[in-house]
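# Breakdown of the fold
The primary structure of each chain is shown beneath.
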Protein chains: 2
Amino acid sequence: MFYQAPPEAATPSFFRSGLPLPMLTEAGSGAMKRTMARCSGCARRSVCMPLDLSAAQISRLDTFVRETRPVSRGQPLYLAGDRFQNFYAIRTGSFKFVTVNRDGLEQISSFFVAGETLGLDGVSSGSHAGEAVALEDSSACVIPFAALEAFCAESRAMQRHLHRLMSEEIVRQAALVMLLGTMKAEQRVAAFLLNLSERVGRQGYPRSELALRMSREEIGNYLGLKLETVSRMLSKLTRQGLVEIRAKRIRIVDFGALARV
Amino acid sequence: MFYQAPPEAATPSFFRSGLPLPMLTEAGSGAMKRTMARCSGCARRSVCMPLDLSAAQISRLDTFVRETRPVSRGQPLYLAGDRFQNFYAIRTGSFKFVTVNRDGLEQISSFFVAGETLGLDGVSSGSHAGEAVALEDSSACVIPFAALEAFCAESRAMQRHLHRLMSEEIVRQAALVMLLGTMKAEQRVAAFLLNLSERVGRQGYPRSELALRMSREEIGNYLGLKLETVSRMLSKLTRQGLVEIRAKRIRIVDFGALARV
DNA sequence: CGGGGGCTTGAGCGTAGTCAAGTAAAGTGG
DNA sequence: CCACTTTACTTGACTACGCTCAAGCCCCCG
């Protein structure tokens, strides 16, 4: 869900990139400078776009995916109520998606990492239902939705891809509802770690090594628990020998037992 | 979200229909018989299809929306794991959407009523993530997804409609996550009643009269509470004079106070 | 190396869960 | 239509899980 397997000697950038893929080759990648996006030459296109596009279609992408936006840690990519115009494909880093209810209470309903797509919450109403905040210095490619929708009419593959994105979001949320509705604190934390682990594994890193990008409080908010409870459960799992913890670095020792919690 | 404002003297069928619209005019509407669907002549087309379709496009709908499926109370419209082939537009009645986790625990993550569309959970994986069960004798129009997707490539309006459907589902789930993550039992029940009330109102019935279609246990499951707790909270709200309850018939007396709970 | 924020741990409390009994409503069959 | 069975709901007493408040520790960063 966010992730990451830090091989012991990982360099910070490797560690942060989220995907074991080469960085883009564009010039001028200053931290806060907006850069041009070029899907046609992007090494990670397979992560955020469908595979079976023709060469012509790929260069067509370049006509509307023009910009990559850097976002510093703690800064929003968009805010609740912002007019919905774009999807954002995360290129590097990670984000949390936060909604605020009428009482001002915040709820984190998703964490996103590199390769995943943000902004789907705006499609139905025309404005964003929540805000997307960077958990670390990150960057995202800006995909204008109107142009994407037009492109979908031409490309079956792109249409499929879009539908899949939205449906995946639905399934992800359903899993969270399941967690919040049926699990006890210890199970929630265990499930969270395993989910994390799986995402790490999918990106080619060792499944047992996690480097959290979010605080205990954010984890608690996401899991419907208080930060103290998250901490207690992590300690409990440690005492039982299922995990080893050093601050935001977590090693999963016994996958089977963790799944059985 | 499910059910309904019973004007005191409502007939059973009116009561059950879910929408203040005339029934379809097709012949042969035996309870368990599958009937032909005809979007072109359907009085409720505006509820489940986009408004701005041309006459030609509407008759095009008839080429693939062919069947209406009756489902008896307690029976599934589809099961978890079923191959995903169709969306289902609910014509009459109501459904719950249930997912089952690996431990066999069930979680209701949505209730659906007439006019709403079921089955979105299957798009990403190709098979349904959960099952849709009728809360009462119901019927749904079968919309083959492949054909719908093809139609979307031709009609911008239909494409928009589909995207809106999926995004609405995302927003709905996000609201449930918010409820489960941040609210106390009394607030959850109050929010549930208000949500119900709003849907009732949108369908043209008085907002203050609710006729629940689901049991306390189902409400509790949906809200992440036990049935006893739901019952206690309903009693509490009654004692405070915010609602009046007679079994599955609920009258909201004080909307403002209910919202402030 | 010192300061500060994030994290851990403890004690006590409150909310919701569990178990159980009793009541109301909804089916079922004569 | 009524008696009977079954299921759904309500209420109470008790328990336990997670929250609150508070103190202290450990990283991480400057």
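Before any of the text, the structure's been laid out above.
Residues numbered from 1 in each chain as written. Chains lettered and ligands numbered in written order. Predicted model: local features only at pLDDT ≥ 70, side-chain atom pairs only at ≥ 80, totals over all residues. Heavy atoms only, no water.

### Thoughts on the packing of aromatic side chains
Remark: the centre distance and the inter-plane angle together describe each pair of aromatic rings, the angle taken between the planes. As enumerated under the stated definition, the model contains 14 aromatic pairs over all chains in all. Ring centres 5.0 Å apart and planes at 50° place the aromatic pair Phe84 of chain A and Phe145 of chain A in the tilted group. Residue Phe84 of chain A is located in the loop between strand S3 (76–78) and strand S4 (86–92), and its partner Phe145 of chain A is located in helix H4 (residues 145–154); the two are separated by 61 residues in the primary sequence. For Phe84 of chain A, a relative accessible area of 10% corresponds to the buried category. Among the residues examined, Phe145 of chain A registers a relative accessible area of 5% and is labelled buried. Arranged with centres 5.9 Å apart and planes meeting at 45°, the rings of Phe84 of chain B and Phe87 of chain B form a pair that is tilted. The same class applies to Phe84 of chain B and to Phe87 of chain B, which are both buried. Through a chain of ring-to-ring contacts, the aromatic side chains of Phe84, Phe87 and Phe145 of chain A assemble into a single cluster. (Phe/Tyr/Trp six-rings, centres within 6.5 Å; stacked < 30°, edge-to-face > 60°. Helix = DSSP H or I, 4+ residues; strand = E, 2+ residues; numbered from the N terminus. Buried < 20%, exposed > 50% of the residue type's maximum accessible area, 1.4 Å probe, protein only.)

### Overview of the protein's contact with DNA strand C
Close to DNA strand C lie 16 residues; Ser231 and Ser235 of chain A together with Ala185, Thr229 and Arg232 of chain B are nearest. Within the backbone of Lys226 of chain B, one N or O atom sits 3.2 Å away from a phosphate oxygen of DNA strand C. Separating a base oxygen of DNA strand C from a side-chain N or O atom of Arg232 of chain B is a distance of 2.8 Å. If you list the elements that add at least two residues to the surface near DNA strand C, you get helix H8 (227–239) of chain A together with helix H8 (227–239) of chain B. For the surface near DNA strand C, a count of residues per class yields three nonpolar, five polar and eight charged. (Near = heavy atom within 4 Å. Polar contact = N/O pair within 3.5 Å; in protein donor to acceptor, adjacent residues only side chain to side chain. Nonpolar A, V, L, I, M, F, W, Y, C, P; charged D, E, K, R; others polar.)

### Some thoughts on the side chain of Thr117 of chain A
Looking at the secondary structure, you find Thr117 of chain A in strand S7 (residues 117–118). Beyond its immediate chain neighbours, meaning those up to four positions away, Thr117 of chain A contacts Phe87, Tyr88, Ala89, Phe112 and Leu165 of chain A. (Contact = heavy atoms within 4.5 Å.)

### Re the sheet that holds strand S11 (residues 243–246) of chain A
All names here are of chain A. Taking strand neighbours across the sheet as the criterion, the three strands line up as S10-S12-S11 in an open arrangement whose pairing is antiparallel. At either end of the open sheet lies a strand with only one pairing partner, and these are strand S10 (209–211) and S11. Strand-to-strand twist in this sheet, taken as the mean axis angle between neighbours without regard to direction, amounts to 15°. Taken together, the four bridges between S11 and strand S12 (residues 249–252) define a ladder with antiparallel strand orientation. Bridging across to S12, Glu244 finds its partner in Arg251. The strands touched by H8 are S11 and S12; relative to S11, the strand with the most contacts, the crossing angle is about 130°. (Pairing = 2+ DSSP bridges. Axes fitted to C-alpha atoms, helices over the stretch in contact; angles between N-to-C directions.)

### A look at the relation of the copies chain B and chain A
Turning chain B through 180° and shifting it by 0.0 Å along the axis lays it on chain A, with an RMSD of 0.1 Å. Look at the turn and shift together and you get a two-fold axis relating the two. Nearest to the rotation axis, the C-alpha of Ala153 of chain B is located 2.1 Å from it, this being the minimum over chain B. A symmetric contact is evident, with 100% of the interface residues of chain B recurring at the interface of chain A. (Least-squares fit on C-alpha atoms with pLDDT ≥ 70 in both.)

### Considerations on the protein's contact with DNA strand D
Inspection of the region around DNA strand D gives 16 residues, with Ala185 and Thr229 of chain A together with Arg216, Ser231 and Ser235 of chain B positioned closest. When the atoms of DNA strand D within 4 Å of the protein are sorted by group, sugar and phosphate make up 64%. One of the side-chain N or O atoms of Arg232 of chain A is found 2.9 Å from a base oxygen in DNA strand D. Breaking the surface near DNA strand D down by element, the ones donating at least two residues are H8 of chain A together with H8 of chain B. For the surface near DNA strand D, the leading source of residues is H8 of chain B, giving five residues. The class makeup of the residues in the surface near DNA strand D is three nonpolar, five polar and eight charged.

### What to know about the nonpolar core
Membership of the largest hydrophobic core comes to 68 residues, with the highest contact counts inside it found for Phe192 and Leu193 of chain A together with Phe192 and Leu193 of chain B. Ignoring anything within four residues of it in the chain, the contact list for Leu193 of chain B reads Leu210, Leu234, Leu237, Val243, Ile250, Ile252 and Leu258 of chain B. One finds Ala37, Met158 and Met166 of chain A together with Phe145 of chain B within the second-largest nonpolar core, a separate group that totals 52 residues. (Core = buried A, V, L, I, M, F, W, Y, C linked by side-chain atoms within 4.5 Å.)

### A word on the pattern of salt bridges
Residue and element names in this part refer to chain A. Counted by the stated rule, this structure contains 24 salt bridges over all chains. Residues Arg213 and Glu136 are paired through a salt bridge, measuring 3.4 Å at the closest nitrogen-oxygen approach. Taken together, the positions of Arg213 in the loop between S10 and helix H7 (216–223) and Glu136 in the loop between strand S8 (131–134) and strand S9 (138–144) put the pair 77 residues apart, joining distant regions of the chain. The two residues Arg213 and Glu136 agree in class, both being buried. Among the ionic pairs, Glu186 bridges to Lys236, the shortest N-O distance being 3.1 Å. With Glu186 in helix H6 (residues 185–202) and Lys236 in helix H8, this residue pair connects regions lying 50 residues apart in the sequence. (Salt bridge = Lys/Arg side-chain N within 4 Å of Asp/Glu carboxyl O.)

### Focus: unusual backbone geometry
Although it is not a glycine, Ala247 of chain A adopts a positive phi angle of roughly 55°. The residue Ala247 of chain A is located in the loop between S11 and S12 in this model.

### Structural notes on helix H4 (residues 145–154) of chain B
Since one α-helical turn is 3.6 residues long, residues separated by three or four positions face the same way. Taken together, the buried positions of H4 of chain B are occupied by Phe145, Leu148, Glu149, Phe151 and Cys152 of chain B. Looking down the long axis of H4 of chain B, one finds its buried residues gathered within 160° of arc, a one-sided arrangement. (Arc of directions from axis to C-beta.)

### Some words on the interface of chain B and chain A
Of the residues lining the interface, 43 residues belong to chain B; the matching set on chain A comes to 44 residues. Interface area for chain B against chain A, summed over the two sides, is near 3700 Å², with a carbon-plus-sulfur share of 60%. The tally of links between chain B and chain A comes to two salt bridges. Close ionic contact of Glu149 of chain A with Arg160 of chain B constitutes a salt bridge, the shortest N to O distance being 2.9 Å. Counting every contact that joins chain B to chain A gives 16 residue pairs in polar contact (both at pLDDT 80 or more). Counting residues per element, the ones that place at least two in the side of chain B that touches chain A are strand S5 (94–100), strand S6 (106–113), H4 and helix H5 (156–182) of chain B. Sorting elements by how many residues they give to the side of chain B that touches chain A places H5 of chain B first, with 20 residues. (Buried area = accessible area lost by both parts, 1.4 Å probe.)

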